[in-house]
Amino acid sequence: MFALMQSTRLESLHLSVDPVTGLKAVIAIHNSRLGPALGGCRYLAYPNDESAVEDAVRLAQGMSYKAALAGLAQGGGVAVIMRPVHVENRAALFEAFGRCINQLDGRYITAIDSGTSVADMDCIAQQTQHVTSTTSAGDPAPHAAMGVFTGIRATAMARLGSDNLEGLRVAVQGLGNVGFALAEQLHAAGAELLVSDIDHGKVQLAMEQLGAHPIANDALLSTPCDILAPCGLGGVLNSNSVTQLRCAAVAGSANNQLTHLDVADQLERRGILYAPDYVINAGGLIYVSLKHRGEALATITAHLSKISSRLTEVFAHAQAEKRSPARVADELAEKVLYR
């Protein structure tokens, strides 16, 4: 555990247990140089404690880099709640988690993430003020999708020479809150949609409302397209899956898309442009950060538009230096965090 913390330069790791509700939670605070750590709360089933800790640590590191390149006065942190097989009282479990957050005295602010909802955030808010994505704050998913959409246009410009998405084949992997909202924006821009999700109902909805073409989950990566948009859980890009890709670029909302940084070099060698995940998917963090600080929607929207210019900057550096955009983005973020 300490080796993992040292290798990722993690500041602190907090483990909490509440036997009454069955809560087992991990809170990872990666870096607070720019401000209090802010990041989502995941509520997922994990095969063991180690995988939950590793997920929290990697996500927290990504949140630090994301905040740094998004120009936010926030540090990076993430919470992971290990979902029990049986939950007697979900509200009580999240209230117990709220008490855990409150003990950190504002060092970590939580938000919605995979497996959690606005209702869960409302339960947390009964125990602490260090939470956003509540009913009053609003769901960040539409804003996250808006940021990814602008990032896809910037990626198309860099790789295909135009940011006009009309007629482009975009493969959306995962139709959760962000993925479906992104698919709606892509459809409105005239893109041809290929979609996959383990929830067949969501795929059916995308077919009916957006004219999307359904693709089997295990076939999407090898399906020819212009842009692949991973919008589910992380780890989709590994040394094996990258060999299957038949796209010009990868640009999606999923966190931790690369299993290892070497995979980014593999994409570069194949001529596939990679939009670093924590740059293109910063819209959700931008929304919850600025909303928590009381900023107006117009200010938030203006900040979201900067995702495109930041990506363009990363792509330009990568092209000039003949390196992967992922390595360039890491170096730019680390200059902000550790200078």
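Residues numbered from 1 in each chain as written. Predicted model: local features only at pLDDT ≥ 70, side-chain atom pairs only at ≥ 80, totals over all residues. Heavy atoms only, no water.

## A short note on the pairing of strand E2 (residues 23-31)
And step 1. Taking burial as the measure, the nine residues of E2 include eight buried ones, the bulk of the element.
And step 2. As judged from the seven bridges shared by strand E1 (residues 12-18) and E2, these two strands associate in the antiparallel manner. Following the sheet pairing, Val 17 is matched in E2 by Lys 24.
And step 3. Counting the residues between successive antiparallel strands, the hairpin from E1 to E2 contains four residues, one of them, Gly 22, with a positive phi of roughly 85°.
And step 4. Note: E2 against strand E4 (residues 75-82), six bridges, orientation antiparallel. (Buried < 20%, exposed > 50% of the residue type's maximum accessible area, 1.4 Å probe, protein only. Helix = DSSP H or I, 4+ residues; strand = E, 2+ residues; numbered from the N terminus. Pairing = 2+ DSSP bridges.)

## Examining helix H3 (residues 90-102)
And step 1. For H3, with 13 residues, the first-to-last C-alpha span of 19 Å sits near the 18 Å given by 1.5 Å per residue.
And step 2. All of the buried residues in H3 are Leu 93, Phe 94, Glu 95, Ala 96, Phe 97, Gly 98, Cys 100 and Ile 101. (Expected span 1.5 Å × (residues − 1).)

## Here we look at helix H5 (residues 141-160)
And step 1. Its 20 residues give H5 an end-to-end C-alpha distance of 27 Å, which sits within 8% of 28 Å, the value for a rise of 1.5 Å per residue.
And step 2. Regarding H5, the residues found buried are Ala 141, His 143, Ala 144, Ala 145, Gly 147, Val 148, Phe 149, Gly 151, Ile 152, Ala 154, Thr 155 and Ala 156.
And step 3. Phi turns positive one or two residues past the end of H5, at Gly 161, with a value near 85°.

## Structural notes on the side chain of Asn 281
And step 1. Among the secondary structure elements, Asn 281 is positioned in the loop between helix H9 (277-280) and helix H10 (283-292).
And step 2. Judged by relative accessible area, Asn 281 falls into the buried class, the value being 7%.
And step 3. At 3.0 Å, the side chain of Asn 281 and the backbone oxygen of Ser 253 are in polar contact.
And step 4. A polar side-chain atom of Asn 281 sits 3.4 Å from the main-chain carbonyl oxygen of Ala 254.
And step 5. Sequence-distant contacts of Asn 281, that is, excluding residues within four places in its chain, are made with Lys 66, Val 148, Gly 252, Ser 253, Ala 254 and Asn 255. (Polar contact = N/O pair within 3.5 Å; in protein donor to acceptor, adjacent residues only side chain to side chain. Contact = heavy atoms within 4.5 Å.)

## Structural notes on the domain arrangement of the protein chain
And step 1. Considered domain by domain, the protein chain is made up of domain 1 (1-62 + 74-126) and domain 2 (141-338).
And step 2. Look at where the C-alpha atoms of domain 1 and domain 2 centre, and you get two points 25 Å apart.
And step 3. Taken residue by residue, the interface counts 15 residues in domain 1 and 14 residues in domain 2.
And step 4. Buried area between domain 1 and domain 2, summed over both chains or domains, comes out near 1,400 Å², and the portion from carbon and sulfur atoms is 54%.
And step 5. Of all residues in domain 1, the largest losses of buried area upon contact with domain 2 belong to Arg 9, Arg 58 and Gln 74, amounting jointly to 32% of the total for that side.
And step 6. There are zero salt bridges connecting domain 1 and domain 2.
And step 7. On inspection of domain 1 and its partner domain 2, the count reaches four residue pairs in polar contact (both at pLDDT 80 or more).
And step 8. Of all elements in the fold, only E2, strand E3 (37-44), helix H2 (49-70) and strand E5 (108-112) reach the threshold of two or more residues within the side of domain 1 that touches domain 2.
And step 9. Of the residues that constitute the side of domain 1 that touches domain 2, the class distribution is six nonpolar, five polar and four charged. (Domains from an automatic or database assignment. Buried area = accessible area lost by both parts, 1.4 Å probe. Salt bridge = Lys/Arg side-chain N within 4 Å of Asp/Glu carboxyl O. Nonpolar A, V, L, I, M, F, W, Y, C, P; charged D, E, K, R; others polar.)

## Looking at the sheet that holds E2
Whenever strands of a sheet pair, they do so through backbone hydrogen bonds, lying parallel or antiparallel.
And step 1. Pairing is mixed in the open sheet, where five strands are placed in the order E1-E2-E4-E3-E5. Looking at the sheet topology across the chains shown, the edges are occupied by E1 and E5. Taking each pair of neighbouring strands and ignoring which way they run, the sheet shows an average axis angle of 25°.
And step 2. Across the face of the sheet, helix H4 (residues 118-125) comes into contact with E3 and E5 while running at roughly 150° to E5. (Axes fitted to C-alpha atoms, helices over the stretch in contact; angles between N-to-C directions.)

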